[in-house]
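# Observations on chain architecture
Take a look at the letters that make up each chain.
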Amino acid sequence: SLPLLTVVGFDATTNTNSIFVIWQTPNITSMTQVMYGVDPANLDHTTVVDSVPVNVHEITINGLTSQTRYYLQAVSVDQYGRTVYSEIISKVTK
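Predicted model, so just to flag it, every value in this text is computed and none were measured.

## Comments concerning the environment of Asn-17
With respect to the helices and strands, the residue Asn-17 is situated in the loop between β1 (8-14) and β2 (19-24). Along the backbone, Asn-17 and Ile-61 are 44 residues apart, and their C-alpha atoms lie at a distance of 8.5 Å. Aside from chain neighbours lying at most four places away, what touches Asn-17 is Ile-61, Asn-62, Gly-63, Leu-64, Thr-65 and Ser-66. A distance of 2.8 Å separates the side chain of Asn-17 from the backbone oxygen of Leu-64, its partner in a polar contact.

## So, the nonpolar core
Phe-10, Ile-19, Val-21, Trp-23, Val-34, Ile-61 and Leu-72 are the most contacted members of the largest nonpolar core, which has 18 residues in total. Mapped by element, the contributors of at least two residues to this core are β1, β2, β3 (31-37), β5 (56-61) and β6 (69-77). Residue contacts for Val-34: discarding those within four places in its chain leaves Val-21, Trp-23, His-45, Thr-46, Thr-47, Ile-59, Ile-61, Leu-72, Gln-73 and Ala-74.

Parameters and conventions
Residues numbered from 1 in each chain as written. Predicted model: local features only at pLDDT ≥ 70, side-chain atom pairs only at ≥ 80, totals over all residues. Heavy atoms only, no water. Helix = DSSP H or I, 4+ residues; strand = E, 2+ residues; numbered from the N terminus. Contact = heavy atoms within 4.5 Å. Polar contact = N/O pair within 3.5 Å; in protein donor to acceptor, adjacent residues only side chain to side chain. Core = buried A, V, L, I, M, F, W, Y, C linked by side-chain atoms within 4.5 Å. Buried < 20%, exposed > 50% of the residue type's maximum accessible area, 1.4 Å probe, protein only.

Here it is as structure tokens:
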């Protein structure tokens, strides 16, 4: 059976115009991106997909508006084509 593909520890810290996002897919490496936006029902922005499959994922999202609530969700795809989504979290920029 294949290793379990799960998202663990999805969290973020904010700065004035950026959000630093971190999470893990501990059991198998995966390629990942973050979907984000100001409306949780419409995460209309995405980050560039990882260039290399990894277990620990770190992405900085730049060019954001200060003092704004953003909603974020990670999407990870493993080498077998399986896709997993994190929960949606929200963070306010400083």
